[in-house]
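# Coordinate analysis (summary)
In case you want the letters, here they are:
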Amino acid sequence: MKLLLFLISWILCASVIAPSSAKAIFGVKVSIGANSEVTSYVCYLYDGRYLTQKKMMDKESFVKIVSGHWPSIYNPKRIDYFAEHNIDCSILTDPVTRKTSLGCAPFDSLWKIHFATYPFQTNSEKGWGNKYHRPSPKQEIYLYNRYGVRRVDADYFLDTNFWMILHDVTDPEWINNYKSLY
């Protein structure tokens with residue numbers, strides 16, 4: 001009986017303590033997904049050994065969690081990680097209607113690293129990918145060497161690479177360098 005009580009107590013304590021000691025890992029994949037969006041967002045908890053508690057979500061939910069606007073297991077202290085990493089991304093509230101909207105310039109440019117043209121007819125803007133619907137071979141090598149993204153269609157920009165790509169897609173010098181890779 002004592003052993004059973006000990007095991008139950010241990011399981012309950014471990015399940016409550018583990019998430020608070022884990023580090024949140026955020027990421028983005030730049031590829032057309034099942035939701036017909038060109039980006040997919042993901043959150044993980046990293047316990048020092050493994051990525052756990054994977055949660056895929058839409059852009060709006062992701063921004064609300066990462067900015068601390070919504071509480072979650074990935075951001076229990078409601079830290080504005082965008083501000084912490086000096087990224088221009090936030091939840092904007094219209095003072096008259098009180099409706100919220102996203103203001104995330106880097107997220108609006110992420111599709112450009114993959115595509116030469118926007119994959120849907122809703123946008124006539126040009127991308128930076130040097131093949132029609134892919135980065136050029138040199139761009140793919142660059143993405144792997146700089147961010148650890150081997151296949152832009154399948155891999156996520158995670159953790160520090162996530163924050164780095166958000167900075168890079170707003171840097172005109174980086175953009176020109178990336179576009180010049182054939």
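Residues numbered from 1 in each chain as written. Predicted model: local features only at pLDDT ≥ 70, side-chain atom pairs only at ≥ 80, totals over all residues. Heavy atoms only, no water.

## A short note on the packing of helix α5 (residues 137–147) against helix α7 (residues 172–179)
Relative to each other, α5 and α7 sit at 135°, their axes nearing to 10 Å. With respect to α7, the axis of α5 lies oblique. Residue-level inspection shows Q139, Y142, L143, R146 and Y147 of α5 in contact with α7, the latter providing W174, N177, Y178 and K179. Within the contact of α5 with α7, the residues separate by chemical class into five nonpolar, two polar and two charged. (Axes fitted to C-alpha atoms, helices over the stretch in contact; angles between N-to-C directions. Helix = DSSP H or I, 4+ residues; strand = E, 2+ residues; numbered from the N terminus. Parallel < 35°, antiparallel > 145°, perpendicular 65-115°, else oblique. Contact = heavy atoms within 4.5 Å. Nonpolar A, V, L, I, M, F, W, Y, C, P; charged D, E, K, R; others polar.)

## Some details on the pattern of salt bridges
If charged atoms from side chains of opposite charge come close, those side chains can pair. Summed over all chains, the structure comprises eight salt bridges. Across the salt bridge formed by K64 and E60, the nearest N and O atoms sit 3.0 Å from each other. Of this pair, K64 and E60 both sit in helix α2 (residues 59–66), four residues apart, roughly one helical turn. Residue K64 is classed as buried on the basis of its relative accessible area of 10%. Among the charged side chains, a network of salt bridges with common partners joins R134, E140 and D153. (Salt bridge = Lys/Arg side-chain N within 4 Å of Asp/Glu carboxyl O. Buried < 20%, exposed > 50% of the residue type's maximum accessible area, 1.4 Å probe, protein only.)

## Brief notes about the state of the cysteines
Inspection of the entire model under this criterion finds one disulfide. The side chain of C89 participates in a disulfide bridge whose partner is C104; the two sulfur atoms lie 1.8 Å from each other. Taking the sign of the S-S torsion, about 65° here, the bridge from C89 to C104 comes out right-handed. Linking C89 in strand β4 (residues 89–93) with C104 in strand β5 (residues 100–104), this pair joins segments that are 15 residues apart in sequence. Taken individually, C89 and C104 each receive the classification buried, so the pair is uniform in this respect. (Disulfide = S-S within 2.5 Å.)

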